[in-house]
Amino acid sequence: MRLPGDSPPPHAEEPSAGRGLEARNASSPLLEARAVTRSFGGGGGWFGAARPALVAVDRVSFALRPGETLGIVGESGSGKSTLARMLVGLLQPSAGAVALDGETLDLGRSGDRRRLQRRVQMVFQDPASAMNPRKTVGASVEAPMIGLKGWDAARRKARVAELFTRVGLAPGHAGRHPHEFSGGQLQRIGVARALAAEPAIVVLDEPVSALDVSVQAQVLALLRELRDGSGLSLVFVSHDLAVVEALCDRVMVMRRGRVVEEGACRTVLAAPREEYTCELVDAARRLAA
Amino acid sequence: MSVLARLLRQPFAVAGLALVLGFVALALAAPFLPLLDPNATEPANRLAAPGAAGHLLGTDQLGRDILARLIFGLRVSLAVGVAATLAAALVGGIIGLVAAFYGRWVDGALMRLVDVLMAFPYLLLALAVVAALGPGLTNAALAIAIVNVPFFARAVRGQALGIVRRDYVAAARLAGFSDLRILVSEVLPNVAPLLIVTAATTIGWMILETAGLSFLGLGAQPPQADLGSMLGDGRKVVAAAPHVAAAPGVVVFVLVVGLNLLGDGLRDALDPRMKGAETGVPQPATRVERGRAASGTLGHEASGALANSVLDVRALSTAFATPRGSFPAIRDVSFALRAGEALGIVGESGSGKSVTALSLARLAPTPPGTIVSGEVRIGGDDVLDLSLDALRRLRGDRIAYVFQDPLTTLNPLMRIDAQIVEAIRPGPGEGAKALRARARALMADVGLPDPGRIARAYPHELSGGQRQRVGVAMALANAPDVLIADEPTTALDATTQGRILELFARIRRERGAALIFVSHDVGVVAHLCDRIAVMYAGEIVEEGPARAVAERPLHPYAARLIACAPQLGQPDKPLAPIPGAPPAIDARPDGCAFAPRCDHAIDACRAGPIPLEDAGDDRRVRCIRWRELLGEAA
Ligand SMILES: Nc1ncnc2c1ncn2[C@@H]1O[C@H](COP(=O)(O)OP(=O)(O)OP(=O)(O)O)[C@@H](O)[C@H]1O
Ligand code: SF4
Ligand SMILES: [Mg+2]
């Protein structure tokens, strides 16, 4: 079903809206946004006239398949982060819904949020703010294993060591505190935490924007490895087209809360159809030239 | 350094600590000391003077031993003060945490309640509570605790509000933690220092307030002694026997002073800004101590003085004090700029780009920074020799800065036009009206849309790109010769970034200002600048015409830096990260600083300092193997 003003037809085929078992074959969507909308503020003020609400995300729909890497691009204020936070249940949509394995979730209910978080985890933009300064980084990485998996201490410890190795850090570093790490190392620990509870999808909100080029390359190399080696699906939010192109299969261009264009990443960025995408690509090309 | 060590460095805090520990020891030891029964009356020996037989401090109007009453009274007052403080901290802390965590109506309701409590004069409120519950020490303590809850609630809420917005709290939610668990394991540990400080600085007052209630006869009931009731007893006979009131008065005074000294010391010790090796008042200009001259030898002469340069930097070195000594963050930085020329400085985080930029107008923070060698010549003057007054005139007039996010430098409470007007140095006889007109002209000049509306706006009402234009307008206010922009577009998306870069290009063309543009994005710098300087570990390792350096870097570090940036249109570019990390300023290797990470390093690279060598075509490079490597590549 398509609403008027809904996102334009994607280059890829329409996701099946099937439910239940038959929806769980390889090509059916893992995670879907179904006309997700989120507005902030507004409503009746106590004094004076009601303020109009700001619609940060406006009827966005997409489907993410297993192993797929979806890039979300757009300028600042286009609603990328708001959308990302709804995909992991940190924010509730004002209208529309997020669906997992074909089933619509009610993110107002903690049970549904939990179901979502068992499958979908997140990596944040600012690695320094994403780690509790008073906890060891090992404890931060362990948290999802406690809260979502209920694993015992021995199993958690083994998994932390495995994850640290996987993101290129010595397992012994788990006992240190965040201030002992550089931004790039902290961001890799952030990735380790997102992987801790064995999710199927990781949503990354501008994970390399706070890092400088050389450190960014370290994190991108890790993400490429995850993409190729583990069948994980990634949702990668960024304003940097070159980074998105280096990592993603598909791209979705957002502007003022709406999807303006969606399709295979290389096709869209090499030959954009929409005027706004052209603008973005031109601006990025001019800088690179 | 630990909190205790930092506490012990403060003489007043140590004095406070000694006093408080002494009083606490006395109070704890009271039952074991050879004291008389504090409540035993001896009517025959009333109002004995201090020093009377068996009564060191004399007796009161019932003939009770004042020393015994004082020490037992101290015990009671301390216990009540501590209990009331703990109760207030617990309840206030919970209110503050819950209000900040749940926000919205929970916050509104709780804070309204706290405001109501705070609106009453505290003594009146305490009196009302005691009146309702009846007099007695427990009720007095309860009243004092209730009266102090708002202080704790407000302080904790303020701090917690900042913490609940942190991403690690969101991460804990995603980890499936319950609200209670998040509050206890993520938020509480981060507000605990504040809670401790608030408790330490209020406990003195709470003891005084409890004493006040006892003094009025609403706290400790006879015959029990606390410091307040003893003062009350003493007041009745103050004319005949002043010592009865004086003894508890002195103890209360000294105790409260001690507690407050300790509390203030603790607050300073827990302040993270006190952690540095060197503490002291920030100075208006970086300290210059060019004692060790002649450090500017390496590659300095290679840079040669440039004819008609507006800015000429020679062998500039700035050191920072660290707990392990003073180490240079930048060393031997030399470059020159002609009018209208643009130099891009690139390098990894911590390579010294910002320290270089800031040192030019002596803006690097002192403490801990010191400029230890070099010259910065602007139009003939050496900036490092200028008086503070001359330096102030120089900043803004001849050299001006644009920073990464002007939100941190703009005054949040001032309208945009007022801030721009403030940046303009008025010409002779130029009135407010003329200044405002100039501000408008500047705003139009930097391409702010609708200057009329934006002039009346506050900084938070503008977008990132608009704020950056305001920052540029302020920097241009006095038509500086040199404009220094430190990562002015890093926080912006590509579209906005492109527009701001166009603005910089236009300013150069039209105003002929020289530009120093700091960035870690080689692409951006090559796009905008005539020349590029690549910095590593505080040194310029390569310098030359922008296009040539970006397309054919000579230094292995510059080559790796360019290779690891993704490029639009090349999705399969390998993006080989540079292994390892740059050295900290106190762990810089001898010889080539890049050697530990360089694929081409040989023993000779580690042997000693590498000079910045002239490589022809107006290029310079700090690598002993650049010629060989160039041959290999060709
Ligand atoms: N106030 C300070 N006290 C001590 N060391 C400092 C101080 N400021 C900077 N440093 C040190 O000086 C070196 C250079 O820092 P600088 O800020 O110039 O780097 P940068 O190249 O601007 O990095 P970025 O890209 O992160 O802005 C770093 O090693 C840094 O740790
Ligand atoms: S001097 Fe040696 S270690 Fe340094 S960059 Fe050149 S080759 Fe590498
Ligand atoms: Mg910097």
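You'll find chain B entered in an unreviewed UniProt entry as Peptide ABC transporter permease, with Methylopila capsulata given as the organism.

The name given to chain A in an unreviewed UniProt entry is ABC transporter ATP-binding protein, with the source organism recorded as Methylopila capsulata. Its UniProt record gives chain A a comment under Sequence similarities (unreviewed entry), which states: "Belongs to the ABC transporter superfamily."

Colleague: Can you help me understand the overall build of chain B in this one?
Modeller: Looking only at helices and strands, one finds 23 helices and 13 strands in chain B. The C-alpha atoms of chain B give 34 Å as radius of gyration, which overshoots the globular expectation for 634 residues (26 Å, by more than 25%). The dimensions of chain B, computed from C-alpha atoms along their principal axes, are 110 × 60 × 60 Å. Of the roughly 27700 Å² that chain B leaves accessible, carbon and sulfur atoms contribute 61%.

Colleague: Got a minute to help me understand empty space enclosed by the protein in this structure?
Modeller: Over the atoms a probe the size of a water molecule is rolled, and this reveals where empty space is left. In the structure shown here, the tally under the stated rule is seven cavities of 30 Å³ or more. Approximately 100 Å³ is the volume found for the largest cavity. Lining the largest cavity we find 15 residues, and of these Pro556(B), Cys592(B), Cys598(B), Cys605(B) and Cys623(B) sit closest to its centre. Among the residues making up the lining of the largest cavity, the classes are represented as 11 nonpolar, two polar and two charged. Roughly 50 Å³ of volume is contained in the second largest cavity. Surrounding the second largest cavity, Asn132(A), Lys135(A), Ser140(A), Ala143(A), Arg193(A), Tyr168(B), Ala171(B), Ala172(B) and Glu186(B) form its lining. Put simply, the parts of the chain that give the lining of the second largest cavity at least two residues each are helix 3 (137-149) of chain A together with helix 7 (167-174) of chain B. Among the elements that take part in the lining of the second largest cavity, helix 7 of chain B stands out by supplying three residues, more than any other. Considered class by class, the residues forming the lining of the second largest cavity number four nonpolar, two polar and three charged.

Colleague: Quick question: what am I supposed to make of the interface of chain B and chain A here?
Modeller: Every contact between the two is made by 48 residues of chain B and, on the other side, 52 residues of chain A. By the criterion of area lost to chain A, the three top residues of chain B are Asp167(B), Leu174(B) and Leu568(B), representing 20% of everything that side buries. At the boundary of chain B and chain A, one finds three salt bridges. The residue Asp572(B) makes a salt bridge to Arg266(A) at a minimum N-O spacing of 2.8 Å. Across the contact surface, chain B and chain A share 17 residue pairs in polar contact (both at pLDDT 80 or more). Where the side of chain B that touches chain A is concerned, the elements lending two or more residues are helix 7, helix 8 (179-215), helix 18 (494-511) and helix 19 (522-528) of chain B.

Colleague: Quick question: what am I supposed to make of the layout of surface pockets here?
Modeller: The computed volume of the second largest pocket comes to approximately 1200 Å³. Around the second largest pocket, the lining comprises 30 residues; the ones closest to its centre are Leu90(A), Leu91(A), Phe101(B), Tyr102(B) and Arg173(B).

Colleague: How should I be thinking about the site of ligand 2 in this particular structure?
Modeller: Residue and element names in this part refer to chain B. For ligand 2, the full set of nearby residues is His-555, Pro-556, Cys-592, Ala-595, Cys-598, His-600, Ala-601, Cys-605, Cys-623, Ile-624 and Arg-625. Spatially, ligand 2 is embedded in the largest cavity. A class-by-class count of the residues in the shell around ligand 2 yields eight nonpolar, two polar and one charged.

Colleague: When you look at the site of ligand 1 in this model, what are you seeing that I'm missing?
Modeller: Residues and elements named next belong to chain B. Neighbouring ligand 1 are 14 residues, the closest being Ser-349, Gly-350, Lys-353, Ser-354 and Val-355. Side-chain polar atom of Ser-349 to an oxygen atom of ligand 1: 2.4 Å apart, as the coordinates give it. Separating an oxygen atom of ligand 1 from a backbone N or O atom of Gly-350 is a distance of 2.7 Å. Burial of ligand 1 by the protein chains amounts to 67% of its free accessible area of 640 Å². The leading source of residues in the shell around ligand 1 is helix 12 (residues 353-359), at three residues. Grouping the amino acids of the shell around ligand 1 by side-chain chemistry returns six nonpolar, five polar and three charged.

Colleague: Could you clarify how one ought to interpret the nonpolar core in this entry?
Modeller: Nonpolar side chains in soluble globular proteins generally cluster together in the buried interior. The biggest cluster of nonpolar side chains holds 60 residues, and the ones touching the most others in it are Leu483(B), Phe504(B), Phe517(B), Ile532(B) and Val534(B). For Phe504(B), the contacting residues outside a window of four places in its chain are Val402(B), Val472(B), Leu483(B), Ala485(B), Pro488(B), Leu515(B), Phe517(B) and Leu528(B). Listed in part, the 53 residues of the second largest apolar core include Leu186(A), Val243(A), Ala246(A) and Leu280(A).

Colleague: Could you clarify how one ought to interpret a negative patch on the surface in this entry?
Modeller: There is a patch of like negative charges on the surface, built from Glu274(A), Glu275(A), Glu279(A) and Asp282(A). Considering the arrangement of structural elements, one finds Asp282(A) in helix 9 (residues 275-288).

Colleague: Sorry if this is basic, but what is going on with the UniProt feature "domain: ABC transmembrane type-1" (unreviewed entry) in chain B here?
Modeller: UniProt's feature table lists "domain: ABC transmembrane type-1" (unreviewed entry) at residues 74-263 of chain B, given in the numbering used throughout. Segment residues 74-263 of chain B splits into 85% helix and 0% strand. End C-alpha atoms: 19 Å apart.

Colleague: Where do I start with the packing of aromatic side chains in this structure?
Modeller: Aromatic ring pairs: the centre-centre distance and the angle between the two ring planes describe each pair. All names here are of chain B. Within the structure shown, the criterion is met by six aromatic pairs over all chains. Seen from their ring centres, Phe-101 and Tyr-102 are 5.1 Å apart, and the 90° between their planes marks the pair as edge-to-face. Judged by relative accessible area, which is 38%, Tyr-102 ranks as partly exposed. Measuring from ring centre to ring centre gives 5.1 Å for Tyr-557 and Phe-594, while their planes differ by 65°; the resulting arrangement is edge-to-face. Residue Tyr-557 is found in helix 21 (residues 556-563), and its partner Phe-594 is found in the loop between helix 21 and helix 22 (603-607); the two are separated by 37 residues along the sequence. Pair check on accessibility: Tyr-557 and Phe-594 agree, each one buried.

Colleague: Explanation requested: the pairing of strand 4 (residues 95-100) of chain A in the structure shown.
Modeller: Remark: a regular strand shows side chains that alternate across the two faces of the sheet. Residue and element names in this part refer to chain A. Pairing of strand 1 (residues 31-40) with strand 4, which is carried by five bridges, proceeds in the antiparallel orientation. Bridging from a neighbouring strand, Ala-33 pairs with Val-98 of strand 4. Bridging between strand 4 and strand 5 (residues 103-105) involves three bridges; their strand directions are antiparallel. Paired with Val-98 across the bridge in strand 5 is Leu-105. The turn joining strand 4 and strand 5, which pair antiparallel and follow one another in sequence, is formed by two residues; a positive phi near 50° is taken by Asp-101.

Colleague: Hey, could you run me through the sheet that holds strand 10 (residues 531-536) of chain B in this one?
Modeller: Sheet strands pair by backbone hydrogen bonding; their relative direction is either parallel or antiparallel. All names here are of chain B. Spatially, eight strands are ordered 7-8-9-4-10-11-13-12 in an open sheet, and the strand pairing comes out mixed. Two strands bound the open sheet, and with one partner strand each, they are strand 7 (399-402) and strand 12 (613-614). Of the strand pairs in this sheet, strand 11 (residues 539-545) and strand 13 (residues 620-621) are connected by two bridges, and their pairing is antiparallel. Looking at strand 13, one finds that Glu-542 is bridged to Val-621.

The rules behind each value
- Residues numbered from 1 in each chain as written.
- Chains lettered and ligands numbered in written order.
- Predicted model: local features only at pLDDT ≥ 70, side-chain atom pairs only at ≥ 80, totals over all residues.
- Heavy atoms only, no water.
- UniProt positions renumbered as here; feature names shortened; annotations may be inferred.
- Helix = DSSP H or I, 4+ residues; strand = E, 2+ residues; numbered from the N terminus.
- Rg over C-alpha atoms; globule rule 2.2 N^0.38 Å.
- Areas by Shrake-Rupley, 256 points an atom, 1.4 Å probe, with all protein chains shown as cover.
- 1 Å grid on protein atoms, 1.4 Å probe; cavity = no way out; pocket = protein on both sides within 12 Å on 5 of 7 lines; lining within 4 Å.
- Points joined across faces, edges and corners; volume = space filled by probe spheres on them.
- Nonpolar A, V, L, I, M, F, W, Y, C, P; charged D, E, K, R; others polar.
- Contact = heavy atoms within 4.5 Å.
- Buried area = accessible area lost by both parts, 1.4 Å probe.
- Salt bridge = Lys/Arg side-chain N within 4 Å of Asp/Glu carboxyl O.
- Polar contact = N/O pair within 3.5 Å; in protein donor to acceptor, adjacent residues only side chain to side chain.
- Near = heavy atom within 4 Å.
- Sits in = over half its atoms within 2 Å of the grid points.
- Core = buried A, V, L, I, M, F, W, Y, C linked by side-chain atoms within 4.5 Å.
- Buried < 20%, exposed > 50% of the residue type's maximum accessible area, 1.4 Å probe, protein only.
- Patch = residues over 30% accessible without salt bridge, like charges linked within 9 Å, V, L, I, M, F, W, Y side chains within 5 Å.
- Lys, Arg positive; Asp, Glu negative; His and termini not counted.
- Charge placed at Lys NZ, Arg CZ, Asp CG, Glu CD.
- Phe/Tyr/Trp six-rings, centres within 6.5 Å; stacked < 30°, edge-to-face > 60°.
- Pairing = 2+ DSSP bridges.

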